[in-house]
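Structure at a glance
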Amino acid sequence: MWPASWIGLAALVLALLVQPPTALADDARTKALFHELRCVVCQNQSIAESDADVAKDLREIVREQIGAGKTDSQIKTFLVDRYGEFILLKPVLSWHTALLWLAPGLFLIFAFLLLIRRFSSRSVAVDDRLNAQEEQELKSLLKEKP
Amino acid sequence: MTVELGHMALILAFALAIAQSILPVLGAARGDSRLMATGDVSSVGICLFIGISFAALVWAYATSDFSVVNVWQNSHSLKPMLFKITGTWGNHEGSMLLWVLILAVFAAAVSVFGKSLPEKLRANVQGVQGWMLATFLLFILLTSNPFLRQVAPMEGQDLNPILQDIGLAIHPPMLYLGYVGFSITFAFAIAALMEGRLDAAWARWVRPWALAAWLFLTAGISMGSYWAYYELGWGGWWFWDPVENASLLPWLSGTALLHSALVMEKRDALKIWTVLLAILTFSLSLLGTFLVRSGVLTSVHTFATDPSRGLFILAILALFVGGALFLFVLRANSLQAGGLFAPVSREGALVLNNILLSTAAATVLVGTLYPVLYEAVTSALSPTGEGAKISVGPPFFNLTFGPLMIPLLLAMPLGPLLAWKRGDLLGVAQRLMFVLGAAILAIILAYGFIEGGPILAPLGIGLAVWLILGSLAELWARANFAKTGLSVGLRRLAGLPKTAWSTAGAHLGVGVMLLGIVMVTAYETETVATLKPGESVKINSYEVRFDGLVPANGSNFTGQGANLAILRNGVEVDRALPSKRFYPARQMPTTEAAINAFGPSHLYISVGDVLQDGSVALRIWWKPWVTLIWFGTIIMVLAGFYSLSDRRLRIGLPQQARKPTKADAHAV
């Protein structure tokens, strides 16, 4: 139970850390949006970082759309229609990306299940008697020192 | 002639590697000491021959011998000598040769320093290293030979300007020392599986090698981050670029390996898991080195991709990773499980560390490969054969990787304070009360005194303080100043084992790094200004004045710099010269940012367009406390080195002969 709620809380903490709240200023919202859009001709840059002409054009488009009062998701839809999903640095949550987004949670759950199984199966009484080989080793060790 | 000598040496090294692949393993199987001992000779020989080969290539670069195709493609006679030499590994072929040279150096190191290893284990380790050497030498000779000749052209095509930097001298060698260093732990894991023997002694041999590889990898990644920060011109320090991710993957699992090997060494538990981590870490290193080369990932690092190599690379990956995992599945059950422990204990904390680190690694792996696999699958399904493309970028990783780190960091100060086998969480919490208080105080102060920034940023600062002070808590507790007084406490502190100090140091480094990350992420400012000569712009408490354009040329580039003065309260405190360069040989422009340090913070300035009327567009960032990011990693690396100097870890050291005592005489 607790890992799941942890993740939720932590995701919230991080989301707020990484993206300043949109209520702050229009400028912060614009910048945050820049960071979520890929400069489609660059190797691996967002339009916030790139100096390429395409990035400049895209920034201008985003500014216009924000000026026109569009919401973030409307702007994204507009851009995806034009450039494809490739432009979104943060992939949408949908069937074709379900595995991607769920992977961390699934892995974590799997790991904890394994752990629980291990602890429950091993909590039975421990056999701490020495086996024959250990007996032998102990004897030889004892021989070394008087 | 030198070049042919280098080529010949490489072929000889390959022949020796074939011998090393077979003879020591055969000797170990038959119990033949003479066959097993051949590994000691061949590994040193291979190292020598690859060394000669590498030196020959460096020589060809240093003398600008353009009759060598590789030199012609990647060098220029006007390049400064340092970059001529570092250019040797600034391309696919040369970097492969460096990679395999380091592999050979580590293999020779096992022979030279591993005299105290059990004979059979050593032979099997050398055999596994022989397989790797033979495979990669074959790869170089068949698909990536740097010694091919041509009719010499007059001038070379020059090296990618971004790589003409001191960073290239340090970053790849460091990174490769890290990547390839994990080949040793891999070889030990395979050898242990082959023999079916795995005990705490094995972990004691493996841990220093894992530690050495880890600290080189840490240094390499950190160096690469700093290089990208100052070179790429927009002041990012981590981009979640596929190749960065590829280096982060073995770092995450290698960090997990270090911690689980500790449990295995001290408590003989987590054996199977440790072996699996040793295998996975090197597998991820291979993935990191070669996925980049196969051309399936797009990234700034992808130089000289060639589809014909892709298949060879995939075959190598399948062979080593698949083979190792197959052997693991076959043999893992025969390994005896070791010591028991309660969930709340030092072991338990280290298990939590391992779970979170490996989940983080899995997350990064999935995120990095998902676009590639998605495109492959959709192209296979679509009638036109064209795949759909999606991007997985920084926002995804920040949302998934970040939350995994938070519980890890919160738990970090607790771990070293818990006792082995069964810990007392309440007792530990009591010992950390002061640290918790300090962290809360830091949060309150941050809310009170720092204006602007994200609402939750002060919590990040509090977490960093929790880590920094919490990592010192163990030292504090063990010195026990309150009870023993200052002088005894200090003496106790000096007498602590090196591992206690290095644990504290490494964890402290993480805290310092986190503080830098939080500060710069939350409070950096960016200003874009177009200035005419004589005009200035205000950034925080500083003022940047543009004094006009000046030429900034070099031997193989032309450039233009903006001559800037940085003022504080009207007084000039520093000057800056950010510039734009043009490299004619490659027809490539680059941006050279100016970085002015003020304490741990940076004023980061890069030049944009130069307008007709003589004004320039400047992008100026104020990056508060940004240097702490790299300073933190330096602390981590130093802590690693300190731990490595621990006498108990020095496996190369001959066993100290026990002085015969009177007691011995009696025993005889």
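Scroll up to find the structure this text is about.
What comes next is a walk through the structure. (Residues numbered from 1 in each chain as written. Chains lettered and ligands numbered in written order. Predicted model: local features only at pLDDT ≥ 70, side-chain atom pairs only at ≥ 80, totals over all residues.)

Regarding the overall build of chain B
- Looking only at helices and strands, chain B features 21 helices and 10 strands.
- Expected size for 668 residues packed as a compact globule is a radius of gyration near 26 Å; at 27 Å, chain B falls within 12% of this value.
- With respect to the principal axes defined by its C-alpha atoms, chain B has extents near 95 × 75 × 60 Å.
- Per-residue burial over chain B gives 52% buried out of 668 residues.
- Partitioning the contacts of chain B with sequence separation of at least 6, the portion at a separation of at least 24 is 74%. (Helix = DSSP H or I, 4+ residues; strand = E, 2+ residues; numbered from the N terminus. Rg over C-alpha atoms; globule rule 2.2 N^0.38 Å. Buried ≥ 20, exposed ≤ 12 C-beta atoms within 10 Å, placed from the backbone. Contact = placed C-beta atoms within 7 Å.)

A closer look at the overall build of chain A
- Scanning chain A from terminus to terminus reveals six helices and zero strands.
- If you list the helices and strands of chain A from N to C, you get α-α-α-α-α-α.
- Evaluated residue by residue, chain A yields a buried proportion of 19% over its 146 residues.
- Across chain A, contacts joining residues at least 24 apart in sequence account for 38% of those joining residues at least 6 apart.

A short note on unusual backbone geometry
Residue and element names in this part refer to chain B.
- You will see that lysine 421, though not glycine, has its phi angle at about 70°, which is positive.
- Of note, lysine 421 is situated in the loop between α13 (394-411) and α14 (425-431).
- For lysine 421, a count of 15 C-beta atoms within 10 Å puts it in the partly exposed group.
- Unlike most non-glycine residues, asparagine 569 shows phi in positive territory, near 50°.
- Looking at where asparagine 569 falls in the secondary structure, it is placed in the loop between β4 (558-568) and β5 (571-576).

Observations regarding the sheet that holds strand β1 (residues 525-531) of chain B
All names here are of chain B.
- Taken together, the four strands give an open sheet; going across it, the order is β1-β10-β9-β8, and neighbouring strands pair in antiparallel fashion. Sheet topology places β1 and β8 (594-598) at the edges, where each strand pairs with a single neighbour. The mean angle between the axes of side-by-side strands here comes to 20°, regardless of whether they run parallel or antiparallel.
- The sheet contact formed by β1 and strand β10 (residues 616-623) spans seven bridges and is antiparallel. Pairing of alanine 529 across the sheet is with leucine 618, part of β10. (Pairing = 2+ DSSP bridges. Axes fitted to C-alpha atoms, helices over the stretch in contact; angles between N-to-C directions.)

Section: α13(B)
- Between its first and last C-alpha, α13(B) extends 25 Å over 18 residues, near the 26 Å set by a 1.5 Å rise per residue.
- Residues of α13(B) that are buried: B:Pro394, B:Pro395, B:Phe396, B:Phe397, B:Asn398, B:Thr400, B:Phe401, B:Pro403, B:Leu404, B:Ile406 and B:Leu409. (Expected span 1.5 Å × (residues − 1).)

Considerations on the pairing of strand β9 (residues 601-610) of chain B
Residue and element names in this part refer to chain B.
- Buried residues dominate β9, accounting for seven of its 10 residues.
- Pairing analysis gives five bridges linking β8 to β9, with the strands arranged antiparallel. Each bridged residue has a counterpart across the sheet, and for asparagine 596 the counterpart in β9 is leucine 603.
- Where β9 meets β10, seven bridges bridge the pair, whose relative direction is antiparallel. Following the sheet pairing, serine 606 is matched in β10 by arginine 619.
- Where β9 folds back on β10, the antiparallel hairpin that results is connected by five residues, among which glycine 614 adopts a positive phi of roughly 85°.

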